[in-house]
Amino acid sequence: MLSLNAPPLRRRLACLTYEGLILLGLSLVTAAVTLGLLHLLGLPQASATHRVILQVAEFVALTGYGAGFWSAGRQTLPMKVWKIALVTPSGAPLGLGRALWRAVLAWLWVIPALTLAAALHLSPGETGWLLAAGILLWAGASLLRKDRQYLHDVLAGTRLVPANG
């Protein structure tokens, strides 16, 4: 029988750390390709349009990564390593729509800190510390729930559970 309780927080945070390294690599490749294309198109560097296009490309790439891996019962490499699966409340695999909704909601991990950092004109180092604090607070909030699920999983109708095998 499938356990619908979340894996221990330290295991989920270890998986998240590994996932962050993969997302960093994907983000760097996305930025390189996008900036290269913008250069070929002759758009002026450091323009507001340049920044918006880069941000949209990053959002699409990172959100698509999550949605693609989480749909139809698939797992990211870190999820496989740390034996974590993502399912619906009934234990079924996620459809693409629900996986996409979860990927969009997962931005709640970082959007508040990035918004605050922009409003306060924080340095990159200060922004990094604020992001780390926000991530730890978001993860720690799961300890307030009996099922230990993250808020974005509750909102998306998904659950992190121990994977078989």
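Scroll up for the structure.
Keep in mind that what you see is a predicted model, and the values were worked out from it rather than measured.

Criteria and cut-off values
- Residues numbered from 1 in each chain as written.
- Predicted model: local features only at pLDDT ≥ 70, side-chain atom pairs only at ≥ 80, totals over all residues.
- Heavy atoms only, no water.
- Helix = DSSP H or I, 4+ residues; strand = E, 2+ residues; numbered from the N terminus.
- Buried < 20%, exposed > 50% of the residue type's maximum accessible area, 1.4 Å probe, protein only.
- Contact = heavy atoms within 4.5 Å.
- Lys, Arg positive; Asp, Glu negative; His and termini not counted.
- Charge placed at Lys NZ, Arg CZ, Asp CG, Glu CD.
- Polar contact = N/O pair within 3.5 Å; in protein donor to acceptor, adjacent residues only side chain to side chain.
- Arc of directions from axis to C-beta.
- Core = buried A, V, L, I, M, F, W, Y, C linked by side-chain atoms within 4.5 Å.

The helix and strand tally for the chain stands at 7 helices and 2 strands. Moving toward the C terminus, one meets the helices and strands of the chain in the order α-α-α-β-α-α-α-α-β. Scored against the burial criterion, the 165 residues of the chain give a buried share of 33%. In the chain, the proportion of contacts linking residues at least 24 apart, taken out of those at least 6 apart, comes to 70%. When the 13 positive and 5 negative side-chain charges of the chain are each reduced to one mean point, those points stand 11 Å apart.

Among the secondary structure elements, His152 is positioned in helix H7 (residues 151-156). Here the side chain of His152 touches Arg102 through a polar contact of 3.4 Å, side chain to side chain. If near-sequence neighbours (up to four positions away) are discounted, His152 is found in contact with Arg102, Leu105, Ala106, Trp109 and Trp138.

Before going further, it helps to spend a moment on helix H4 (residues 96-105). Of all the residues in H4, the buried ones are Ala99, Arg102, Ala103 and Leu105. In an axial view of H4, the angular spread of the buried residues amounts to 165°, which keeps them on one side of the axis. Turned more than 90 degrees off the buried face of H4, the exposed positions are Leu96 and Gly97. Each element contacted by the buried residues of H4 is listed here: helix H2 (48-70), strand S1 (84-87), H7 and strand S2 (159-162).

Here we come to the nonpolar core. Counting residues in each nonpolar core, the largest one holds 18 residues, and the members touching the most others are Trp70, Met79, Leu86, Trp109, Tyr150 and Leu160. Those elements that place two or more of their residues in this core are helix H1 (9-40), H2, S1, H4 and helix H6 (124-141). Per element, the largest residue contribution to this core is 3 residues, and it comes from H2. Those residues in contact with Trp70 that sit more than four places away from it in its chain are Thr76, Met79, Leu86, Leu94, Ala99, Arg102 and Ala103.

On to the side chain of Thr63, then. Relative to the helices and strands, Thr63 is located in helix H2. Here Thr63 falls in the buried class, since its relative accessible area comes to 5%. Among the polar contacts made by the side chain of Thr63, one reaches the side chain of Trp107 at a distance of 2.8 Å. The contact partners of Thr63, leaving out residues within four places of it in the chain, are Leu100, Ala103, Val104 and Trp107.

Limitation: the analysis is restricted to geometry and does not speak to function.
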